[in-house]
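# Secondary and tertiary structure notes
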Amino acid sequence: MTARPVAARPSVAIVAARHGWTLGLAVLLALLLALTKIIQPAFGATGLEALVRAALPFAFATAAMTVVVIAGGIDLSVASMMAVAGVTGAVLMQNAGDGAGALLAVGAVLLVGAAMGATNGLLIVGTRLPDIVVTLAMLFVWEGVALLILRAPGGAATPWLRELVVGPLVIPGLPPAATALVPQALLVLAVILAAIWLPLRRSRLGLGIYAVGSDETAAFRSGVSIGATKVAAYTLAGVLAALGGLSVTLATGIGEPIPGPYLLASVAAVVLGGVALGGGRGGLLGPLLAVFILRVVRLDLTLLAVDPNVTTIIEGTIMAAVVMAGGLLAMRERRS
Amino acid sequence: MGAMREAAATRQDGPEAAPAPAGPPILDAAGVSRRFGAVVALRDASLRVARGEVVALMGANGAGKSTFVKILTGALKPDTGRIRLAGREVRLTSPAAARRAGLVPVYQEPALIPDLDVGDNLRLTRTPSGPFLHWAAELGLGAVRLDARAGALPLATLRVLDLARALAAEPDLLVLDEMTAALPTDLVDRVLSVVRAQADAGRAVIYISHRFAEIARLCDRATILRDGTTVGDLPIAPGVEEQAVELMLGGRLSAPAALATRASPAASGPPRLRVRNLAAAPKLAGLSFDLRPGEVLGVVALEGQGQDELFEILGGLRRPEAGRIEVDGRPRAFRHPADAIAAGLALVPGDRADALLSVRSVRENLALPALARPRAWGPIAMRREAEAVSRTIARLQIDTRAQGEARRLSGGNQQKVTIGRWLTGAPPRIFLLLDPTRGIDVRTKRQIYALVRDLASEGVAVLFYTSELPEVPQTCDRVIVLFGGRVVDALPAAEADEPRLMRAAYGLTEGEGGADRAREAAP
Amino acid sequence: MTAAAASPSPLARAARLLRDNPVIALLALLLLLVGVLEILRPGIVNERWIGNTIRFAIPLAMLAACQTLTMLTGGIDLSAGSVATVAAFVAATQAPLIGPEAAMLVALGPALLVGLANGVGVGLCRVHPLIMTLATGLIAVGALQVYQRGVIATGSAVPPLLGWLGTGRSWGVPHALVLFVPFAALLLWAERRTGFGRLLYAVGANERAARLAGVRVWGVHLALYALSGLIAGLAGLLYLGVIRAPSLSLAEPLLLPSVAAAVIGGTSIFGGRGGYAGTIVGALILTVLGTLLTMLQMPEGGRRILFGLIILVVTAAYLRLTDRG
């Protein structure tokens, strides 16, 4: 046994090893975008903008799932919580008018999201049932709550908030051409997630989330409060899911009580993004890249005039394959 | 023997009678007890440690060392007892609370989060990195990278880093559980001198180890646990080993000697199981032995010397990295327990929870192996099954009054079920019993010894690991002792008195011809 | 622990009764619900109502068989609803083309296929059953939509046999029982008296112990999920006969109640405990409860909340009961 390999590896190798998967995803995304340009030479700022806007709810759902999975759990109720947040936002914004009332509505939706997430977390810690059982039951409960708020699609979205996620980025003083290729929605996504993730990642709470997912015993012995950390992770997931629900409402202008296809997509993006389903491993960037990869694949299939239903099948199959490959990898790791 | 025991007894009138500690006690724990369900892990444990002292905590397997350490470090709550730190009574509700009180442990399993890098691990425990790096260097780990992922580091490095982190917290009392296990010798030297220097600088250390040599070199006193009770407190001096071994064994020396009814003939002929240079890092380091038909081969070792890995490999649960396994002269490799079973090997694991269908009936438990193959997926011949099951119940005298779920049986009856499952059909050719008598009542133990001898007389080859040394001469024909993943001693069971086994298990026979005898285990 | 055993509170005694004889307790609950119904609307409970309740409970009970069998091993089959829908839709649209008998057979093909895919994912790739079956269910629905565009012109017909089974009755007895009684009898026999049935319990009770005893667990999973797919397909065919109108979401509304029926019936979501007898009563309870909720004009949202809470509370309660030695 060699006792001191700590110093043996140069820093570059460590960075490459740790972020190799994310780098690979980034390269894959770039290749796919290039492919899109080849299939559809007219693909440009508008196409990119539509792509990001469509990806927005998926990105927030994936971020929510990522946080919980890193903490060693899973949240099957993510899509249902988005539906609750979406209809709550639509109803509140319809009545709030145009000004600061809309902001108040957004704040209220985020609070609702936090409350839903905290409920999930408290139930998991309190009942000591597995995460997957509790969040399965809560999937149905939140679905029902959304239906009680709005029985059919309805409500409205505040126009100036909708403007936020539509169109290219405009920075005063810069010629529009300079930022034409950066969709405003991407900026919104990046700013919000960076504001949440970057401070969290280095905080003791963030480290605790990783620690709990990685090795609960070691985390306990390192002085981490297991229950509180789990509840915090689920609460954060609830807030992110609420942002996802809001983005759906803002994109469509209407509140939709039936949950969208965000659950499976977020699990697939998390696995493809290099976050181990057992917890403790991975970051936010990988899953986000994976979200865009899955969206570009869908876009390319549509551009190739593939039947949208076939596209759904292919997409579903890719996701299932990703999850299965993830399972095989995890099994191999356990064995070695 | 008797005189020596008396001599030891005079020293164990209780912790109060212990040799006066060098200074005021920093830790004073007394009357600590803890049960897990029906099992009493600690019944009256006490320990005093003064500033400037290194105290060894010793005991045989299952004496309660780990439970005691967990209680002292806040990882487990005691049922009764009081703990005083620097004269003040404290209630340690969590490891974090213990840490704040100045009591910092280094557990056997590193407490570093495997998926975080070293720096984040320091941040998580609010450890300043300057002193940490200083101690890491002091302990012999040149330059430590704070951005290395903890899980990617070798076990030895992790344990030393864990120690460096503990030292950086400037603890009043350091608790080291098997600190030097899995460390290479040069690091062991560094660790021992750093720990000694800590004590000399006025701190206190509790040192748990299976290695006598280290204890002799490092410690001032040894507190000895037996069956969850503190039974003695010895100053470290020449000859203390003998006393310590005796205190650890205690009254068990008076257990009845070998069973009179040793029916099976001296095993002879070609070996049924031949194991050569079996290796699986980090626990197994080239292990060899032979097992003959009709022979009961005892295996003796302290915790973590490779016995679990050996049994798992033979049972098909784990694959070795190197080495050969031959059954009746044919080389075998098991990818699944089903392969091992097909080759005639049946494993009874050390933890009953791993083998018992606790929410199913005794009958379903006993009939399980017969139904394992897809060929048996069809209708069950219920009457034939009932007959086979009741034969097993009769043979093993399983008390089935608690009908319904197997978990409602007593521990002894549960163990009979996990053993009897392999006797409901044709018996295995090689029976692997991993500590089958752990934590069960005396009557059941005797029944199990008799059953093992009975099976041997029918020609079954039995590999019998036990943590209870008196069982060796009672049940086995030969015995091998494992230490550090190797066979360090091998002898006929009739010569295997407990002090000798205990010394070998503590690695004390190495260099005294033990290795030669070990070679004889695999001629 | 001993104190609780010495002086059992009424609650603890009821809990013990529920644990040892779940079916008796469940039957009592069923009668209670029927009684409440009769009090709320006197005269509603008659032969015709009972026949109708049974008719709607049977497809649910069959779909809940998928959940029961998979839950015995600690799994779940969330693709069952989609699989039933696919089988029903394929049977209805193929019937005008290849005849009703052949159509019913062909319809079970995709059901088996989805089941096998689940088995491979769960057994060989060790994906959590919940995720795996959710994924295959979505893929199956996507495939059904593609299929629908291919057969949009051919029209559809409910095979007469299914119509007879689903809606017919003789002397007040629903014909569905002709299919269901042998089905349930076979399942009840198989779960206790076949090696495969025993292995389901063994794998669910302690997968490690089953492996140690020589069980190749992946094989059990593969066969189990294939069987679950077939049963879901069969349930879909019967449901087609009940509803008599194929649609792209025919059996989806049955999925959540099918999980709830198995859970209420005393099958542990952690595996190793329970059986089909309780599930049958569970399906009847949910059907009666559905009537009750409709009568009380409970909106769809409230129903889902209620079903979700039932799953959560019942699972937590069973965990407490079974923890207690």
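Residues numbered from 1 in each chain as written. Chains lettered and ligands numbered in written order. Predicted model: local features only at pLDDT ≥ 70, side-chain atom pairs only at ≥ 80, totals over all residues. Heavy atoms only, no water.

### Some remarks on the packing of helix α3 (residues 78-96) of chain A against helix α4 (residues 100-127) of chain A
All names here are of chain A. Where α3 meets α4, the closest approach of the two axes is 9 Å, and the angle between their N-to-C directions is 155 degrees. Relative to α4, α3 is oriented roughly antiparallel. Along this stretch, α3 crosses α4, giving a crossing that reads as right-handed. Across from M81, V84, A85, T88, G89, L92, M93 and A96 in α3, the residues of α4 making contact are G101, A102, A105, A108, V109, V112, M116, G117 and N120. Taken together, the residues of the contact of α3 with α4 sort by class into 12 nonpolar, 5 polar and no charged. (Axes fitted to C-alpha atoms, helices over the stretch in contact; angles between N-to-C directions. Helix = DSSP H or I, 4+ residues; strand = E, 2+ residues; numbered from the N terminus. Parallel < 35°, antiparallel > 145°, perpendicular 65-115°, else oblique. Left-handed = near helix turned anticlockwise from the far one by under 90°. Contact = heavy atoms within 4.5 Å. Nonpolar A, V, L, I, M, F, W, Y, C, P; charged D, E, K, R; others polar.)

### A few points about the packing of aromatic side chains
Per the counting criterion, the structure on display carries 5 aromatic pairs over all chains. Taking 4.9 Å as the distance between ring centres and 65 degrees as the angle between the ring planes, the aromatic pair formed by F58(A) and Y262(A) counts as edge-to-face. Taken together, the positions of F58(A) in helix α2 (residues 45-70) and Y262(A) in helix α12 (residues 262-272) put the pair 204 residues apart, joining distant regions of the chain. For Y262(A), a relative accessible area of 11% puts it in the buried group. Judged by centre distance (6.1 Å) and plane angle (35 degrees), the ring pair of F180(C) and F183(C) falls under tilted. Of this pair, F180(C) and F183(C) both sit in helix α9 (residues 176-193), 3 residues apart, roughly one helical turn. Overall, F180(C) belongs to the buried group, its relative accessible area being 7%. Three or more aromatic residues joined by ring pairs form one cluster here, namely F180(C), F183(C) and Y276(C). Over the ring of Y210(A) we find R201(A); its NZ or CZ atom is 4.5 Å from the centre of that ring. (Phe/Tyr/Trp six-rings, centres within 6.5 Å; stacked < 30°, edge-to-face > 60°. Buried < 20%, exposed > 50% of the residue type's maximum accessible area, 1.4 Å probe, protein only. Lys NZ or Arg CZ within 6 Å of the ring centre and 35° of its normal.)

### Notes on the pattern of salt bridges
This model, assessed by the stated rule, comprises 37 salt bridges over all chains. Here E143(A) and R304(C) are joined by a salt bridge, their closest N and O atoms 2.4 Å apart. On the criterion of chain membership, the pair formed by E143(A) in helix α5 (residues 131-149) and R304(C) in helix α15 (residues 300-323) is interchain, its members lying in two chains. Between D454(B) and R395(B) there is a salt bridge; the shortest N-O distance is 3.4 Å. Here D454(B), found in helix α15 (residues 442-457), pairs with R395(B), found in helix α13 (residues 382-396); they are 59 residues apart in sequence, far enough to count as distant. Overall, D454(B) belongs to the partly exposed group, its relative accessible area being 37%. The network of salt bridges with shared partners includes R201(A), R202(A), D120(B) and R123(B). (Salt bridge = Lys/Arg side-chain N within 4 Å of Asp/Glu carboxyl O.)

### Re the side chain of T287(C)
Tracing the backbone shows T287(C) in helix α14 (residues 276-295). Look past the residues within four positions of T287(C) in its chain and what remains in contact with it is T53(C), F56(C), A57(C) and L60(C).

### Side note on the environment of V55(B)
Residue and element names in this part refer to chain B. Within the secondary structure, V55 sits in strand β3 (residues 54-58). According to the relative accessible area criterion, V55 is buried, its value standing at 0%. When the C-alpha positions of V55 and G31 are compared, they lie 18 Å apart, and in sequence the two are 24 residues distant. Once you skip the residues sitting within four places of it in the chain, V55 turns out to touch L47, R48, V49, V205, I206, Y207, R221 and T223.

### Here's the deal with the domain arrangement of chain B
Residues and elements named next belong to chain B. Assigned domains within chain B: domain 1 (2-102 + 171-250) and domain 2 (273-357 + 428-521). Contact with domain 1, which involves 15 residues of that partner, is made by 14 residues of domain 2. Between domain 1 and domain 2, a total of about 1,200 Å² is buried, with carbon and sulfur atoms accounting for 62% of that surface. Counting the contacts that link domain 1 with domain 2 gives 0 salt bridges. At the junction of domain 1 and domain 2, the tally comes to 0 residue pairs in polar contact (both at pLDDT 80 or more). It is helix α9 (residues 240-249) that provides the largest number of residues to the side of domain 1 that touches domain 2, a total of 5 residues. (Domains from an automatic or database assignment. Buried area = accessible area lost by both parts, 1.4 Å probe. Polar contact = N/O pair within 3.5 Å; in protein donor to acceptor, adjacent residues only side chain to side chain.)

### Quick word on a nonpolar patch on the surface
Residue and element names in this part refer to chain C. On the surface, L29, L32, V36, L40 and L296 cluster together into a nonpolar patch covering about 430 Å² of accessible area. Locating L296 in the fold gives a position in the loop between α14 and α15. We classify L296 as exposed; its relative accessible area is 53%. (Patch = residues over 30% accessible without salt bridge, like charges linked within 9 Å, V, L, I, M, F, W, Y side chains within 5 Å. Areas by Shrake-Rupley, 256 points an atom, 1.4 Å probe, with all protein chains shown as cover.)

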